[in-house]
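# Commentary on secondary and tertiary structure
What follows is each chain in one-letter form.
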Amino acid sequence: MNITVNRLPDLTWNRLGMNYGVIRDADNLLRQAAGIDTTQEGLEAGVSYRRIGREEAQRILDAAPAQVPEKIVAGKLPIYHAQRFATGLGGDYDAFVAGLGLDTELLEVAAGERPEAPVLWHVDFYDSSCAVTQQIIHVGKNASLTLIMDYSSAPEACGFAGISTKVILEDGARLHLSKVQMLGRGYLHTDDLGASLGAGADLIFNQLELGGEDVYVGAQVEQIGDKSRFTSRLAYLTRKKGSIDITYNAVQRGRKTESDMSFDGVLYDSAKKIWRGTIDFRNGSAGSVGHENENVLMLSEDAENKSMPLILCEEEDVEGQHGSSIGRLADDILFYFGTRGIDERAAEEMMVDARIGTVTREIPDAGVRERIGSFLQRTV
Amino acid sequence: MAEQLLQVRNLNVSVEDTELLHGVSLDVNAGETHVLMGPNGAGKSTLGYTLMGNPAYHVTGGSIVFDGEDITGLSADKRAQRGMFLSFQTPLEVPGLTLSAFLLSAMRQKTGKPVKIFAFQKELEETMRLLHMDPSFAERDLNVGLSGGEKKKAEILQLLMLRPKFAILDETDSGLDVDAVRTVSAGIEEYQKKRGGALLVITHSTRILEALSVDYTHVLVKGRLVYTGGPELVDDINEHGFERFEAASAAEKKQ
Ligand SMILES: Nc1ncnc2c1ncn2[C@@H]1O[C@H](COP(=O)(O)OP(=O)(O)OP(=O)(O)O)[C@@H](O)[C@H]1O
Ligand SMILES: [Mg+2]
């Protein structure tokens, strides 16, 4: 059995092998996958954590800011209908996780609560694990939360590490979410995000994909409420024969919504990467703006890069922008570094650090930042 | 006799198939300050880049000897490690890399040894004070979001921290306000006097030269060094422009 993930919301391009990603031979995963323990630190008053069953989870998702039933537009896959709560990796993956019958972890912030300290959410994957964890992060009206999730394992470990995160931000809510993946080099890793944003809600999402072998990440952010905002920064390193398959969709439905997504990656050796980044201006999104920017540093001739930026507009009064820079370290950078006595190798290392650093520095916990630093030292 | 530092001999330089410099020769002794002037597009930056080893500029003839060693075929980083420096006309922006981290790496690479952090920080602070730079700039991303003037100051900061023997300043004064020119000049003076550094100053104006003692002035026209004189030449050019040198260049070409 294969699991199709990361479908592009529009198939008009129809480039072979780019419209979606495939996790092959997933039967093993289905047979073996189990839940895994997670730990949470920094749960202050107003923030609660508990495990819930499937029905309660569904009730909570159904009560999220409504994902307006939409017309099926010609040429557009009705992928949002396939999922009651849309996620980046999509319906097949969601069904796979649901099929495992695991509990959902629920982290809730009560309306109006704004705890200052971040919640640290840690998942330690043991060697040869085949583990999945799913959670709902629900931030109440005008509440705010900083959450840092990190996934790690022993450096040489392998296995499957699946994450599925659904975020509900009520009107005026704010979530600063960081996900840091520091898995061993043999991991198949999936990380799925679906988010539903109410009016004036603000989602800031930092994602670091630093380890693992084959990585699939997807994020679908439904900006339903007027003036909702979504800011994301993803940075990744892909090495050896590793691969990463990325889909981010900012679905802007409310009036005057804003999205700003940046993607910074480094490809070594014979690494492969596919990225699909869509800014999707829906009916009713007048006055909205969206930006996406992709930078890929190719440190090997054998590395393979595919990029699929997409801006879809059902409204006229919107502004979407895409920027990119893809390739080897530019000659002018090398020369500039050279004039200061820095050779090509050192310049490359510094530029890699710089790319990861732009995301790392946004993670508001010194301990996590330090662990990222030592993970990078160990692996580079 | 003054200690020889840089000897450029009959340098021909091309980009793609166009020759931009034709038979340029230049001698700079340790501690000397040379000014390079010339009309727009004459090839001044080209000469600076070539001396520093920018791979886009091909040396098709002649040689560059620095500190007794032929460096014509060396890469920029090796030249810098031997004591050369180039301050850019338009410095690059590098998001994610702070000025202090960049400098620290550069100093490590240059010396091949670990740098004493405390002493480094102290020197950095002092130098920034000298250049009237806000200390917070050290932890900001390299040149990102800096104004033109601030970028130039950051270049001079690096010049002072890295202590090269020979520095090429490519229009470090252009686009600076009066105060900034004064500050930057003070920084260059510090390099010149206290550190005994040699300079090739590419400029269009005299303001930056007021604070510096100049040994020689060269005029470059259409890729040829057509005239070398003393410091008084700067004022002469300011008054009369490049016309007579352009005429001389045309005559030279005919021969
Ligand atoms: N990389 C390049 N590729 C093609 N042509 C170049 C390149 N660099 C310089 N040139 C050309 O060489 C000539 C000299 O340029 P250069 O930048 O050295 O002049 P300059 O004297 O520094 O001028 P300015 O005073 O305007 O800074 C110009 O005609 C320019 O267009
Ligand atoms: Mg120039």
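The structure displayed is predicted, hence computed values, not measured ones.

### Structural notes on the overall build of chain B
Scanning chain B for helices and strands turns up eight helices and 12 strands. The C-alpha atoms of chain B give 18 Å as radius of gyration, which agrees with the globular expectation for 255 residues (18 Å, within 12%). Overall, the C-alpha framework of chain B stretches about 60 × 40 × 40 Å when taken along its three principal axes. Across the 255 residues in chain B, those meeting the buried criterion constitute 54%. Put simply, 69% of the contacts in chain B that link residues at least 6 apart link residues at least 24 apart. Total accessible area on chain B stands at roughly 11,400 Å², and carbon and sulfur atoms take up 49% of it. The distance from the centre of the 27 positive side-chain charges to the centre of the 35 negative ones in chain B is 4 Å.

### Looking at the state of the cysteines
Considering all chains together, one arrives at zero disulfides over all chains under this definition. Here Cys 158 of chain A is not disulfide-linked; the sulfur of Cys 130 of chain A is the nearest cysteine sulfur, at 11 Å.

### A few points about the packing of aromatic side chains
Counted by the stated rule, this structure contains 16 aromatic pairs over all chains. Ring plane angle 85° and centroid distance 4.8 Å describe the contact between Tyr 336 of chain A and Phe 88 of chain B, whose orientation is recorded as edge-to-face. With one member in each of two chains, Tyr 336 of chain A in helix H5 (residues 331–339) and Phe 88 of chain B in the loop between strand S6 (84–87) and strand S7 (94–98) form a pair that bridges those chains. Each of the two residues, Tyr 336 of chain A as well as Phe 88 of chain B, counts as buried. Clustering of aromatic rings is evident, with ring pairs tying together Phe 335, Tyr 336 and Phe 337 of chain A together with Tyr 49, Tyr 57, Phe 88 and Phe 102 of chain B. Over the ring of Tyr 20 of chain A we find Arg 7 of chain A; its NZ or CZ atom is 5.7 Å from the centre of that ring. Across from the ring centre of Phe 137 of chain B, 4.6 Å away, lies the NZ or CZ of Arg 140 of chain B, which sits over that ring.

### Focus: the interface of chain B and chain A
Counting residues at the interface gives 32 residues for chain B, matched by 17 residues for chain A. The junction of chain B with chain A conceals about 1,900 Å² of combined surface from both sides, 70% of it contributed by carbon and sulfur atoms. Of all residues in chain B, Leu 92, Phe 102 and Gln 109 of chain B bury the most surface against chain A, accounting for 27% of the area lost on that side. Of the charged contacts in the structure, one is a salt bridge between Arg 361 of chain A and Asp 141 of chain B, with a shortest N-O distance of 2.8 Å. Scanning the region where chain B abuts chain A turns up nine residue pairs in polar contact (both at pLDDT 80 or more). Counting residues per element, the ones that place at least two in the side of chain B that touches chain A are helix H1 (44–52), helix H2 (76–81), S6, S7, helix H3 (99–111), strand S8 (141–142) and helix H5 (148–162) of chain B. Classifying every residue of the side of chain B that touches chain A gives 19 nonpolar, 10 polar and three charged.

### Things to note about the packing of helix H4 (residues 117–130) of chain B against H5 of chain B
All names here are of chain B. Between H4 and H5, the shortest axis-to-axis distance is 10 Å and the interhelical angle comes to 135°. What the angle tells us is that H4 and H5 run oblique. In the crossing of H4 with H5, the sense of the turn from one axis to the other is right-handed. Across the interface between the two elements, Phe 120, Glu 123, Leu 124, Thr 127, Met 128 and Leu 130 of H4 pack against Leu 157, Leu 160 and Met 161 of H5. Of the residues contributing to the contact of H4 with H5, the split by class is seven nonpolar, one polar and one charged.

### A look at the site of ligand 1
All names here are of chain B. Every one of the 14 residues lining ligand 1 counts as a neighbour, but Gly 41, Lys 44, Ser 45, Thr 46 and Tyr 57 are closest to it. In the environment of ligand 1, an oxygen atom lies 2.9 Å from a nitrogen or oxygen atom belonging to the side chain of Ser 45. Between ligand 1 and His 204, the relevant distance is 2.9 Å, taken from an oxygen atom to a side-chain nitrogen or oxygen of the residue. Among the residues forming the shell around ligand 1, the class breakdown is five nonpolar, seven polar and two charged.

### Considering the side chain of Asn 143 of chain B
Locating Asn 143 of chain B in the fold gives a position in the loop between S8 and H5. In this structure the side chain of Asn 143 of chain B is engaged in a polar contact, spanning 2.6 Å, whose partner is the backbone oxygen of Leu 92 of chain B. Not counting residues within four places of it along the chain, the set of residues in contact with Asn 143 of chain B comprises Tyr 336 of chain A together with Pro 91, Leu 92, Glu 93, Lys 151, Ala 154 and Glu 155 of chain B.

### A look at a negative patch on the surface
A cluster of like negative charges, contributed by Glu 210, Glu 232, Asp 235 and Glu 239 of chain B, occupies part of the molecular surface. Judged by relative accessible area, Glu 210 of chain B falls into the exposed class, the value being 65%.

### A closer look at the pairing of strand S15 (residues 243–252) of chain A
Residues and elements named next belong to chain A. In terms of residue burial, S15 counts as a mostly covered element, since 10 of its 10 residues are buried. Across the two faces of S15 the burial is the same, with Ser 243, Asp 245, Thr 247, Asn 249 and Val 251 and Ile 244, Ile 246, Tyr 248, Ala 250 and Gln 252 all buried. As paired elements, strand S13 (residues 214–223) and S15 share 10 bridges and run parallel to each other. Following the sheet pairing, Glu 222 is matched in S15 by Val 251.

Thresholds, definitions, all that
- Residues numbered from 1 in each chain as written.
- Chains lettered and ligands numbered in written order.
- Predicted model: local features only at pLDDT ≥ 70, side-chain atom pairs only at ≥ 80, totals over all residues.
- Heavy atoms only, no water.
- Helix = DSSP H or I, 4+ residues; strand = E, 2+ residues; numbered from the N terminus.
- Rg over C-alpha atoms; globule rule 2.2 N^0.38 Å.
- Buried < 20%, exposed > 50% of the residue type's maximum accessible area, 1.4 Å probe, protein only.
- Contact = heavy atoms within 4.5 Å.
- Areas by Shrake-Rupley, 256 points an atom, 1.4 Å probe, with all protein chains shown as cover.
- Lys, Arg positive; Asp, Glu negative; His and termini not counted.
- Charge placed at Lys NZ, Arg CZ, Asp CG, Glu CD.
- Disulfide = S-S within 2.5 Å.
- Phe/Tyr/Trp six-rings, centres within 6.5 Å; stacked < 30°, edge-to-face > 60°.
- Lys NZ or Arg CZ within 6 Å of the ring centre and 35° of its normal.
- Buried area = accessible area lost by both parts, 1.4 Å probe.
- Salt bridge = Lys/Arg side-chain N within 4 Å of Asp/Glu carboxyl O.
- Polar contact = N/O pair within 3.5 Å; in protein donor to acceptor, adjacent residues only side chain to side chain.
- Nonpolar A, V, L, I, M, F, W, Y, C, P; charged D, E, K, R; others polar.
- Axes fitted to C-alpha atoms, helices over the stretch in contact; angles between N-to-C directions.
- Parallel < 35°, antiparallel > 145°, perpendicular 65-115°, else oblique.
- Left-handed = near helix turned anticlockwise from the far one by under 90°.
- Near = heavy atom within 4 Å.
- Patch = residues over 30% accessible without salt bridge, like charges linked within 9 Å, V, L, I, M, F, W, Y side chains within 5 Å.
- Pairing = 2+ DSSP bridges.

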